[in-house]
Amino acid sequence: MQITVTQAPENQKRRKPKSGEKLGFGNYFSDHMFLMDYASGKGWGNARIVPYGPLSLAPSAMVLHYGQEIFEGMKAYLARDGAVCLFRPDRNAERLNRSAARMCLPEIPVEDQLTALRALVRLDREWIPREKGASLYIRPTMIATEAGLGVRPAAEVLFFIITGPVGAYYARGFEPVRILVEETYLRAARGGTGEAKTGANYAASLLAAKNAKAIGFDQVLWLDAEHRRFAEEVGTMNIFFVLRGELVTPPLSGSILPGVTRDTVLTLAREWKIPVAERPVEIDEVLKGAADGTLSEAFGSGTAAVISPVGSFSYGGKEVQVNRGGTGELSLRFYREITGIQYGEIEDRHRWIHRVE
Ligand SMILES: Cc1ncc(COP(=O)(O)O)c(C=O)c1O
């Protein structure tokens, strides 16, 4: 794949946040973006890096009406030795292609996605924050750009990648989250689009999250659509429970996102000889376990926080604490190991790190 590069002129470069400035998440975007066009019959072409800026779209572009869209989320880190590293980007690229297949969008060879990522991150490497725990968030996105109002897969598509510096998730140390088990709304049913990373799933989740926040909760735990009994996932994270010493997480049954961090946690747990089960987990088992102590820990896993300990679950108007609302030992061990590998402090025995030379 040939990429043409148009660099942002010096006087049009964007304002970089100063060292020590609060970055938060998704507030800043770096100087350049990668774009590539698809037309049915022609395939992908015109791969280019240009200054970050607005896109030009017809108001009838199909994505705006029928939500034919997918995206990914990953990070570039500055390792201790100064190397720029991506964490398992091949996994994100493969997932993008699975999402594409589900949403009738064209796939992009994994190698081409990695080439684009590397070229963009290399060019904007000065945007990677140096503070420990901070990183450059990377957002590959694909949208249906064909102008027309027929409900059918679009014949014209745009793929783009934007990046931007994000702050350390735990600037003040681990803070276990309060989780509301969602009883009214559902995120996804088997056979739906739950396992694809598509905007519609997130749009469908907004109201439940907004209502939960309004009454003091951090996130919602989704239940399965068929029985409304089994735990699925949390906001933008997969969910893990430590039940009687066993690490348990819901199986990839089609309605939850197959998280890259989820796979990383499972791989490490198996190596550490921790008993692991991917099985349906009833919400009753979680609540009873939290009350009688057989649930010793619960945590979410995802790119943004890596590991997010759960302090309590609330269901049917009753809130039960997990591990007295504190951070569990295993949560901390996974967090330290994964971030240690990402920042080049712990040996990368799995070849999860891709260096951007
Ligand atoms: C709905 C949902 N579940 C789980 C995850 C965790 O996935 P990953 O570990 O690949 O970030 C995410 C984040 O991308 C998500 O949006």
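Use the structure listed above.
Predicted model only: the values in this text are computed from it and were never measured.

Reading guide: rules and limits
- Residues numbered from 1 in each chain as written.
- Predicted model: local features only at pLDDT ≥ 70, side-chain atom pairs only at ≥ 80, totals over all residues.
- Heavy atoms only, no water.
- Buried < 20%, exposed > 50% of the residue type's maximum accessible area, 1.4 Å probe, protein only.
- Helix = DSSP H or I, 4+ residues; strand = E, 2+ residues; numbered from the N terminus.
- Pairing = 2+ DSSP bridges.
- Near = heavy atom within 4 Å.
- Polar contact = N/O pair within 3.5 Å; in protein donor to acceptor, adjacent residues only side chain to side chain.
- Areas by Shrake-Rupley, 256 points an atom, 1.4 Å probe, with all protein chains shown as cover.
- Nonpolar A, V, L, I, M, F, W, Y, C, P; charged D, E, K, R; others polar.
- Core = buried A, V, L, I, M, F, W, Y, C linked by side-chain atoms within 4.5 Å.
- Contact = heavy atoms within 4.5 Å.
- Axes fitted to C-alpha atoms, helices over the stretch in contact; angles between N-to-C directions.
- Parallel < 35°, antiparallel > 145°, perpendicular 65-115°, else oblique.
- Salt bridge = Lys/Arg side-chain N within 4 Å of Asp/Glu carboxyl O.

A. Looking closely at the pairing of strand β8 (residues 156–166). Most of β8 is tucked away, with ten of its eleven residues classed as buried. Relative to β8, strand β2 (residues 32–39) runs antiparallel, the two sharing six bridges. Pairing of D37 across the sheet is with L158, part of β8.

B. Structural view of the site of the ligand. Near the ligand, the surroundings consist of 16 residues, among which Y202, E233, V260, T261 and T303 are the closest. R95 places a polar side-chain atom, nitrogen or oxygen, 2.8 Å from an oxygen atom of the ligand. At a separation of 2.8 Å, an oxygen atom of the ligand approaches a polar backbone atom of V260. When the free accessible area of the ligand is taken as 380 Å², the share hidden by the protein chains comes to 96%. Where the shell around the ligand is concerned, the elements lending two or more residues are β12 (237–243), α5 (260–271) and β15 (295–302). In terms of residue class, the shell around the ligand is built from four nonpolar, eight polar and four charged.

C. Structural detail: the nonpolar core. Within the largest apolar cluster, 31 residues are counted, with the highest numbers of intra-cluster contacts made by F34, A76, V121, I138, M142, F159 and I161. When contributions to this core are tallied by element, the ones reaching two or more residues are β2, β3 (43–51), β5 (74–78), β6 (84–87), α2 (89–102), α3 (110–123), β7 (135–144) and β8. If you tally residues by element for this core, the top one is α3, at six residues. Apart from the residues within four sequence positions on either side, F34 is in contact with M1, I3, A47, R48, I49, A116, L120, F159, F160 and I161. Core analysis: the next-biggest nonpolar cluster, separate from the first, contains 24 residues, A83, L266, A269 and F334 among them.

D. Inspection of the packing of α5 against helix α7 (residues 329–342) at higher detail. Interaxial distance between α5 and α7 falls to 11 Å at its minimum, and their mutual angle equals 110°. If you check the angle between α5 and α7, you find them roughly perpendicular. Side by side, α5 and α7 meet where T261, T264, V265, L268 and A269 of the first sit next to F334, E337 and I338 of the second. Here the contact of α5 with α7 is built from residues that sort into five nonpolar, two polar and one charged.

E. Highlighting the environment of V265. Positionally, V265 belongs in helix α5. With 66 residues separating them along the chain, V265 and S331 place their C-alpha atoms 9.8 Å apart. Among all residues touching V265, those that are not within four sequence positions of it are F240, L247, F299, S301, I307, F334 and I338.

F. The pattern of salt bridges, seen in detail. All chains considered together, the criterion is met by 16 salt bridges. A salt bridge links D263 to R88, with the nearest nitrogen and oxygen atoms 2.9 Å apart. Linking D263 in helix α5 with R88 in the loop between β6 and α2, this pair joins segments that are 175 residues apart in sequence. A relative accessible area of 23% means that D263 is categorised as partly exposed. In this structure R88 comes out as buried when scored by relative accessible area, which is 6%. Linking R91 and D263 is a salt bridge whose minimum nitrogen-to-oxygen distance equals 3.7 Å. A residue pair is termed long-range when its members are at least 10 positions apart, and R91 in helix α2 and D263 in helix α5 qualify at 172 residues. The class of R91 is partly exposed, set by a relative accessible area of 33%. Taken together, the shared-partner salt bridges connect R88, R91 and D263 into one network.

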